Every structure is written in structure tokens, then in C-alpha cells.
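A look at the structure
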Amino acid sequence: MDNDCVFCNRINFEERIIAENDACYAVATLGQIAGGYTLIIPKAHIPCIGALAPHHSFQQMEGIRKMTEKVYRVLGKEYPHGNRRVLSPVIMFEHGIVGQTIPHAHLHIVPVAVDLTKKIYADFPRTEIRMLEDTMDLQKIYCDDPKPYLFWTTPDGHPMVCIDPIAPPQYLRILVAKLLGRPERADWRTMDQELDKQLWKKTVAILKPRLAE
Ligand SMILES: [Zn+2]
């Protein structure tokens, strides 16, 4: 617990909570680039999802994994895409310290089918980029060598990591907003506040009953 940390104090996002368990919250994000845009926020004050192990209990890890899978599944159902050929029309990403604007771990889950990989390779040609077997491999990588990273999944669900790139704040959000043709929503601090409020309220209204099931 860090008293100055926005994500350590639920009063800062109480209205936007969609679901919670002992380990984490699912919260409609400020800066709704797309409807359904949800954050998974661990209750423990840790810098990134990669830093979850080995200081946390199996129950905490499981709580976060279960919530993430449930949100991912529900988003896929509630926000279907026109293109049925896309296997997994939901992406996840994290600014693993680099690009973060709130220094407390939060995983982004967005029901859109954009592919971030090509642009990341183009932007960081000299940086190590790896495809992971499993999202949880992020903890092994970070534990072995705690370097900042960008984490994302491809539209067909493959987890990817880029180790220690020099990326600007909100880099992955900017990329998603550009790819969706909504660059004006990239920065959560400057996005149209009225529109944003309408969108996150709708996200909460749609997802809260689904996640309570
Ligand atoms: Zn915190």
C-alpha cells in the first residue's frame, strides 16, 4: 500500500469497478478508446504484472489469472466483431513500467482485433522481441531479469513481449488508438471527458451483470 498511489485506493475508481476478488479489480478504464476497455488492477502495490512472482501467494496469482480469463471471455462475447474469422477478437497489453503513467500494475483488455506486432518491430528494431508460450511466462522473464517491458497479445491470442524498449508514455494506448482511427482518444488525460464518461458508464453497465454470473 502506497498512500499516494491512485490504484491503491479504490475511492479513485469505485464508480468504475466492474468486478473484484481477493486479488484484483476489473475496472472500466478512463480513456475508453473502445467500448468494453477494461483494466485488471492487482490489489497489491506492485510495479507491473511481471513482478507478481515470487512475492505473492498462489491464491493471488490464481485470482488475477481467473479474473483476466473471465473478462477476456466475456468481452469476446459481449463485443462481437463483424469479422468472424478472427479467432480471438480481444487484445491484452501492459506497459511493464516503460510507458506507464500510474506506477502500479494494470493489464489492459480491449475487445478489438488490432495487430500491434508489426509496428512494435518497426519502432524498436534493435530490441529483443519474443513470443511467449503462456502469459504467465512474463513473471519468469521478469523474475530472471527485472527489466521494463511492453507486453501485448496478437489478435489470434499469442502473448508477446518486447524487452526494455525506449517507448514514450502510453505507447501501446497511442498505437491502439491510431490503428482504430481514434487518435484523439489516445491520452486518457486529454480525451473528451463527457464522451469518456458516457463510454465507461456503458462499459460498466454491460459488463458488471455479466461478470457477476
Ligand atoms: Zn499502488
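Scroll up for the structure.
Quick look at the structure, then. (Residues numbered from 1 in each chain as written. Predicted model: local features only at pLDDT ≥ 70, side-chain atom pairs only at ≥ 80, totals over all residues. Heavy atoms only, no water.)

Turning to the overall build of the protein, a few remarks are in order. If you tally the helices and strands in the protein, you get five helices and eight strands. When the helices and strands of the protein are read in sequence order from the N terminus, they spell out β-β-β-α-β-β-α-β-α-β-β-α-α. Over its C-alpha trace the protein gives a radius of gyration of 16 Å, about what one expects of a compact globule, namely 17 Å for 213 residues. Here the C-alpha coordinates of the protein stretch approximately 40 × 35 × 35 Å along the principal axes. Looking at the protein as a whole, 52% of its 213 residues qualify as buried. By sequence separation, contacts in the protein at least 24 residues apart represent 65% of the contacts at least 6 residues apart. Accessible surface for the protein amounts to roughly 10,600 Å². Of this, 53% is attributable to carbon and sulfur atoms. (Helix = DSSP H or I, 4+ residues; strand = E, 2+ residues; numbered from the N terminus. Rg over C-alpha atoms; globule rule 2.2 N^0.38 Å. Buried < 20%, exposed > 50% of the residue type's maximum accessible area, 1.4 Å probe, protein only. Contact = heavy atoms within 4.5 Å. Areas by Shrake-Rupley, 256 points an atom, 1.4 Å probe, with all protein chains shown as cover.)

What follows is about the coordination of the zinc ion. Distances from the zinc ion to its protein donors, Cys-5 (SG), Cys-8 (SG), His-45 (ND1) and His-104 (ND1), fall within 1.9 to 2.3 Å. The sequence pattern describing where the donors of the zinc ion fall on their chain is C-x2-C-x36-H-x58-H. Here Cys-5, found in the segment before β1 (17-20), pairs with His-104, found in the loop between β4 (91-96) and β5 (107-110); they are 99 residues apart in sequence, far enough to count as distant. Like Cys-5, the residue His-104 is buried in the burial classification. (Donors = N, O, S within 2.8 Å, 3.2 Å for Na, K, Ca; no water.)

Let's shift gears to the pairing of β4. Looking along a regular strand, one sees side chains alternate from face to face of the sheet. Counting buried residues along β4, six of its six residues qualify, which places the element largely inside the surrounding structure. Burial along β4 is two-sided: the face carrying Ile-91, Phe-93 and His-95 and the face carrying Met-92, Glu-94 and Gly-96 are both buried. As paired elements, β4 and β5 share three bridges and run antiparallel to each other. Bridge pairing in β5 links Phe-93 to His-108. In this sheet, strand β7 (residues 149-153) lies alongside β4 in antiparallel orientation, the contact comprising four bridges. (Pairing = 2+ DSSP bridges.)

Within the secondary structure, Gln-100 is located in the loop between β4 and β5. Relative accessible area serves as the criterion here: at 16%, Gln-100 is assigned to the buried category. Filtering out sequence-adjacent residues up to four positions away, Gln-100 remains in contact with Pro-47, His-95, Ala-105 and His-106.

Each strand in a sheet pairs with its neighbour through backbone hydrogen bonds, running either in the same direction (parallel) or in the opposite one (antiparallel). An order of β1-β2-β3-β5-β4-β7-β8-β6 is seen for the eight strands of this open sheet, with the pairing classed as antiparallel. Looking along the sheet, the strands with just one partner apiece sit at the ends: β1 and β6 (129-131). Geometrically, the sheet is characterised by an average inter-axis angle of 20 degrees between neighbouring strands, direction not taken into account. Lying over the sheet, helix α1 (residues 58-78) contacts β1, β2 (24-28), β3 (38-42), β4 and β5, oriented at roughly 175 degrees with respect to β3. (Axes fitted to C-alpha atoms, helices over the stretch in contact; angles between N-to-C directions.)

Its identity as a non-glycine residue notwithstanding, Ile-97 has a phi of 75 degrees, on the positive side. Here Ile-97 is to be found in the loop between β4 and β5. A relative accessible area of 32% places Ile-97 in the partly exposed class. Even without being a glycine, Asp-164 presents a positive backbone phi close to 55 degrees. Here Asp-164 is to be found in the loop between β8 (159-163) and α4 (171-179).

So, on to the packing of α1 against helix α5 (residues 193-212). Where α1 meets α5, the closest approach of the two axes is 10 Å, and the angle between their N-to-C directions is 125 degrees. For the element pair α1 / α5, the angle class is oblique. Note that α1 runs across α5; the crossing there is right-handed. For the pair α1 and α5, the contacting residues are Lys-70, Val-71, Val-74, Leu-75 and Glu-78 in the first and Ile-206, Leu-207, Arg-210 and Leu-211 in the second. For the contact of α1 with α5, the per-class residue count stands at six nonpolar, no polar and three charged. (Parallel < 35°, antiparallel > 145°, perpendicular 65-115°, else oblique. Left-handed = near helix turned anticlockwise from the far one by under 90°. Nonpolar A, V, L, I, M, F, W, Y, C, P; charged D, E, K, R; others polar.)

That's the geometry; what it means functionally is another story.
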